[in-house]
Amino acid sequence: MARRASRSKKFDPRSDEEIQESRGARLTYGGPWAVTVLGPLPVELAHVSLTGNPTALALAALGLAGTGAAVCRLMSHIDARAKRPKDQRIWHQVNTGVVTAAATLGTVVGIDTPATAAAWFLGGVGMAAANNLWSKFYKAGSEKSASRWEKLESEIGLAKHELKEANSNGKGTVIAQVEAKDGATADDLARRIPAMASALKLGKGRITHTVDDDDSSQVTLRVQVADLLKEGFPWRGPSAFGASIGDVPIRTGRYEDGEDLLLNLTGRLRDPGPLSNGNVEHCIAMGVNGAGKTLGNQLIITECCTRTEVSVIVIDCSKFQQDFGHLRHGIEWPIDKKEAARRFLKILPNAIEKRTDYLAAKGLSAWEPGCGLNFLVIVGEEAADFAADNEHYQKILRTARAAGIWIVTSIQRATHNNMDTDSRANSPAGLCFGLRDGADSQYCLPDEAVEAGAWPQWGNRKPGYHYAAGLGIPEERWHVTARTELAGKHDQADAVTAGAAIRTPLDTVTAEAFGDLYVNRTTYDAPLLPKEEGEENNPQQQAAPAPAPTATAASPAAPAASSSGPPDEEMDDVDEDTIAREVEELNEMLQHVLDEDPEPGEYDHLRIEDDIEPPADDAPVLSLGGEDGDTGKLTSEQGRQELYKRLDTWVREGKFSFAPREVTDILLRIGLADTKRWFYRERDRLIADGVLSEDESDEGFGQYDILRSPLSGGN
């Protein structure tokens, strides 16, 4: 008997776990069909036994309904403890509710008629099929996700942080809602993010978090599992050609989740879209050399040059033509010299005062579209050349906001030796490109972005990648990586050229406040573009002649013939006969001069050691045109007028700096005992009137900048 039994037993190669999984699968897929097929029998028996007693039937219906509600509540509790996703919880509630309703209605009305039987079987077949499909295509994924989180819980200590919900946007980003329980905090979770990134095999900065302002236990994790910015995005052209800068935001790139990167420069937009309105927020654009700051600034300038009610001023004392030559014909005031930048920053407070007075007279506390003033966008490229320890720059950043002026300070590293800490504090917005050390982002980004996980430590390996904070951008996007769109110089130049037809000229209030510096500025009417394919291999074409007198400085200077090569080499190509003929002609000219001298000189017989006899009393006196005594001396008022005329002439000639020795001839003609003290009194008066300013640069010690003519404006 034992031998026969052993022969009849079949060998099963599966493990115990596989056998249990197989039994569970039969229950999972067969259970709904069993309820559909076998369920009518007990329901119909209950109906037949209770149909003669209405009271018992009603009580049974209530009991079934209450039991179903209790089961629903129990399933909800079990799902919560199991940390199942929200959609799975809903499906469980639907199943429990449908079974409860079917059993209750079947008990009351019965399943003995064709209509009720058909309703039961049609509904049962639909629900059974839906459960099978759900189990097949969803359950595996959900269990895998749950086990992944459970693994993180056990390995890196996330037991007190419950995963409530996780959704993917289909663009490489997963948003997970996490609840901190039992006294856990968001900081505890943040400290474990590096370990979480390692467990998920993600790079640093790919997992960021934000905390709900109203409930600190609610944390939103943002996991970027794929880099969709790697290939870049082609430039789509101006975002709103011909619109006012105060209508809609400007667009400069895209986020890693595919959303547009929009900036609110004015703080007052008629249609801010996803951004918020507020105040003008000056910005720091920071990143190592080659990180893409310049392209970001180029896109901002192009956007502004294709809008109305805005004027752009660019300061680039290092390589203006190389960086912005293709946009120069749309820039209202290009400044490419340190001296010009210094004078501009000194005259800008006067423009701020005039603009705020104008807005106050209209009852406006800030710039608004249609107010009559152009919004000013000032781009300071390589700002370390002029922003470090610049007292004027600090004051400008403090006061320019209310005057409708937005300033972006582009700098490689905004440390205290490159940018004053007060200037940095007055630039709350940030565009942080790649850095050598991710911790340096604290000099550019708000603390909220850094604490949420922004980490731009990719140097110049990812040109154009950056974080954007402030400028109306919602705080939950400050730590989302973005990339500027890829725009060619020719495309940008074409857009700026087309924008000439719609750009608003600089308003009279601001132009008059800038005065002579603005009138004598350099302007361009054509872009400076790289050579197209097939043209000479020259990185830039020669700049077109500009209408302003100083614009010729942008053209390459002609090489001096006498400054290259040794003297012998320069003379190799010269004909010797020509040289001999020219020497002979020179000798003849000198001899002709000597022959024409009627008086060889009465002192020719004297030697160097002999004494010269004094002239006779009646000898004629040679006059050099001067005046004797006090005749021809200037009064103090006349000297002042002469000084003002001299300064006015220099301004008209494009000369905006001078040293005191250049007015010594005027001082010598003034009939005062102490002309030096007179000059200093006049200097102090002109400085107080905003005509002069001391040159604080090391190379300009003792010199003065001329900010405007003392005779302009009816003076």
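On a predicted model such as this, the values are computed, not experimentally measured, just so you know.

Enquirer: Tell me what's going on with the overall build of the protein, and back it up with residues and numbers.
Expert: Check the secondary structure of the protein and you find 24 helices and 17 strands. The proportion of buried residues among the 715 residues of the protein is 41%. Across the protein, contacts joining residues at least 24 apart in sequence account for 67% of those joining residues at least 6 apart. By element, 53% of the accessible surface of the protein is carried by carbon and sulfur atoms, the whole surface being about 39500 Å².

Enquirer: Describe the sheet that holds strand 1 (residues 161-168), listing the residues and the values that go with them.
Expert: Taking strand neighbours across the sheet as the criterion, the 4 strands line up as 1-2-4-3 in an open arrangement whose pairing is antiparallel. Two strands lie at the open edges of the sheet, namely strand 1 and strand 3 (207-211), each paired on one side alone. Between one strand and the next, the sheet's axes are offset by a mean angle of 25°, whatever the strand orientation. Summarising the sheet, strand 1 and strand 2 (residues 173-180) pair through 7 bridges and their orientation is antiparallel. What sits directly across from alanine 166, in strand 2, is alanine 176.

Enquirer: Tell me what's going on with helix 17 (residues 489-499), and back it up with residues and numbers.
Expert: Because each turn of an α-helix spans 3.6 residues, side chains separated by three or four positions end up pointing in the same direction. Residues of helix 17 that are buried include every one of Gln492, Ala493, Ala495, Val496 and Gly499, and no others. Buried residues along helix 17 cover an arc of 160° about the axis, so they all sit on one side. For helix 17, the secondary structure elements touched by its buried residues are helix 10 (293-305).

Enquirer: So what's going on with the packing of aromatic side chains? Which residues, and what values?
Expert: Overall, the coordinates contain 12 aromatic pairs when judged by the stated rule. Judged by centre distance (6.0 Å) and plane angle (65°), the rings of tryptophan 458 and tyrosine 465 are edge-to-face. Its relative accessible area of 7% is what places tryptophan 458 among the buried residues. Of the aromatic side chains, those joined through ring pairs into one cluster are Trp333, Phe344, Phe514 and Tyr518.

Enquirer: Please set out the side chain of serine 311 residue by residue, giving values where relevant.
Expert: For serine 311, the position within the fold is in strand 8 (residues 310-316). Polar side-chain contacts of serine 311 include one of 2.8 Å to the side chain of asparagine 374. Discounting residues that sit within four places of it in the chain, serine 311 has contacts with Glu332, Asn374, Phe375, Leu376, Val377, Thr504 and Leu506.

Enquirer: Describe the nonpolar core, and please don't skip the residues or the numbers.
Expert: Core analysis: the biggest nonpolar cluster contains 60 residues, and Leu265, Ile301, Val377 and Trp406 have the highest contact counts within it. If we ignore the near neighbours within four places in the chain, the residues touching leucine 265 are Ile250, Val280, Ile300, Cys304, Phe375, Val377 and Trp406. In terms of nonpolar packing, the next biggest core, distinct from the first, is built from 50 residues, Cys317, Ile352, Ala400 and Ala513 among them.

Enquirer: Got a sec to walk through the sheet that holds strand 16 (residues 692-694)? Specific residues and values, please.
Expert: Working definition: the strands of a sheet are paired by backbone hydrogen bonds and lie parallel or antiparallel to each other. One open sheet holds the 3 strands; their spatial order is 15-17-16, and the pairing between them is antiparallel. Only two strands of the sheet have a single partner each, and these edge strands are strand 15 (657-658) and strand 16. Bridge count for strand 16 against strand 17 (residues 704-706) is 3 bridges, and the pairing is antiparallel. Among the inter-strand pairings, glutamate 694 is bridged to a residue of strand 17, identified as tyrosine 704. Contacts from helix 12 (residues 338-361) reach strand 15, strand 16 and strand 17 within the one sheet, and its direction differs from that of strand 17 by about 70°.

Enquirer: Report on the packing of helix 10 against helix 17, specifying residues and quantitative values.
Expert: For the pair helix 10 and helix 17, interaxial distance at closest approach is 9 Å and the crossing angle is 25°. Here helix 10 is positioned roughly parallel relative to helix 17, judged by the angle of their axes. Where helix 10 crosses over helix 17, the handedness of that crossing is left-handed. Contact residues: helix 10 offers Leu295, Gln298, Leu299, Thr302 and Cys305, while helix 17 offers Gln492, Ala495, Val496 and Gly499. Considering only residue class, the contact of helix 10 with helix 17 consists of 5 nonpolar, 4 polar and no charged.

Enquirer: Please provide a residue-by-residue account of the side chain of glutamate 485, values included.
Expert: Summarising the element assignment, glutamate 485 is placed in the loop between strand 14 (482-484) and helix 17. The exposure class of glutamate 485 is buried, given its relative accessible area of 1%. A polar side-chain atom of glutamate 485 sits 2.5 Å from a polar atom in the side chain of arginine 236. In this structure, glutamate 485 is in contact with Phe233, Pro234, Trp235, Arg236, Arg251, Thr252, Gly253, Arg254, Leu295 and Leu299, ignoring residues within four places of it in sequence.

Enquirer: Mind laying out the packing of helix 4 (residues 54-82) against helix 5 (residues 86-109), listing which residues take part and the relevant values?
Expert: Contact geometry for helix 4 and helix 5: axes closest at 9 Å, N-to-C directions at 170°. Considered as vectors, helix 4 and helix 5 are oriented roughly antiparallel to each other. Together, Leu57, Ala61, Leu64, Ala65, Gly68, Val71, Cys72, Met75, Ser76, Asp79 and Ala80 of helix 4 and Arg89, His92, Gln93, Thr96, Gly97, Thr100, Ala103, Thr104, Thr107 and Val108 of helix 5 make up the contact between the two elements.

Enquirer: Residues and numbers for the environment of proline 463, please.
Expert: Here proline 463 shows up in the loop between helix 16 (447-452) and strand 13 (465-469). Residue proline 463 is classed as partly exposed on the basis of its relative accessible area, which comes to 40%. When the C-alpha atoms of proline 463 and glycine 292 are compared, they prove to be 4.9 Å apart, with 171 residues separating the residues in sequence.

Enquirer: Please set out helix 3 (residues 40-50) residue by residue, giving values where relevant.
Expert: Every buried residue belonging to helix 3 is among Pro40, Val43, Glu44 and His47, and all of these are buried. Along the long axis of helix 3, the arc covered by the buried residues comes to 95°, so they all point the same way. Those residues of helix 3 that are exposed and aimed more than 90 degrees away from the buried face are Leu41, Leu45 and Ser49.

Enquirer: Before we move on, could you go through the confidence of the model for the protein and cite the residues and values that matter?
Expert: On average, the protein scores 80 in pLDDT, and the residues at 70 or more come to 78%. Across residues 534-573 the pLDDT falls below 50, and counting only partners more than four positions away or on other chains, this stretch makes 46 contacts in the model. Long-range and interchain partners of residues 623-628, a stretch whose pLDDT sits below 50, account for 0 contacts in this model, where long-range means more than four residues apart.

Enquirer: Requested: an account of a negative patch on the surface, with residues and values cited.
Expert: A contiguous patch of negative charge on the surface is contributed by Asp187, Asp212, Asp213, Asp214, Asp215, Asp447, Glu448, Glu451, Glu475 and Glu476. Element by element, the count of residues in the negative patch is highest for helix 16, at 3 residues.

Criteria and cut-off values
- Residues numbered from 1 in each chain as written.
- Predicted model: local features only at pLDDT ≥ 70, side-chain atom pairs only at ≥ 80, totals over all residues.
- Heavy atoms only, no water.
- Helix = DSSP H or I, 4+ residues; strand = E, 2+ residues; numbered from the N terminus.
- Buried < 20%, exposed > 50% of the residue type's maximum accessible area, 1.4 Å probe, protein only.
- Contact = heavy atoms within 4.5 Å.
- Areas by Shrake-Rupley, 256 points an atom, 1.4 Å probe, with all protein chains shown as cover.
- Pairing = 2+ DSSP bridges.
- Axes fitted to C-alpha atoms, helices over the stretch in contact; angles between N-to-C directions.
- Arc of directions from axis to C-beta.
- Phe/Tyr/Trp six-rings, centres within 6.5 Å; stacked < 30°, edge-to-face > 60°.
- Polar contact = N/O pair within 3.5 Å; in protein donor to acceptor, adjacent residues only side chain to side chain.
- Core = buried A, V, L, I, M, F, W, Y, C linked by side-chain atoms within 4.5 Å.
- Parallel < 35°, antiparallel > 145°, perpendicular 65-115°, else oblique.
- Left-handed = near helix turned anticlockwise from the far one by under 90°.
- Nonpolar A, V, L, I, M, F, W, Y, C, P; charged D, E, K, R; others polar.
- pLDDT = per-residue confidence, 0-100.
- Patch = residues over 30% accessible without salt bridge, like charges linked within 9 Å, V, L, I, M, F, W, Y side chains within 5 Å.
- Salt bridge = Lys/Arg side-chain N within 4 Å of Asp/Glu carboxyl O.
- Lys, Arg positive; Asp, Glu negative; His and termini not counted.
- Charge placed at Lys NZ, Arg CZ, Asp CG, Glu CD.

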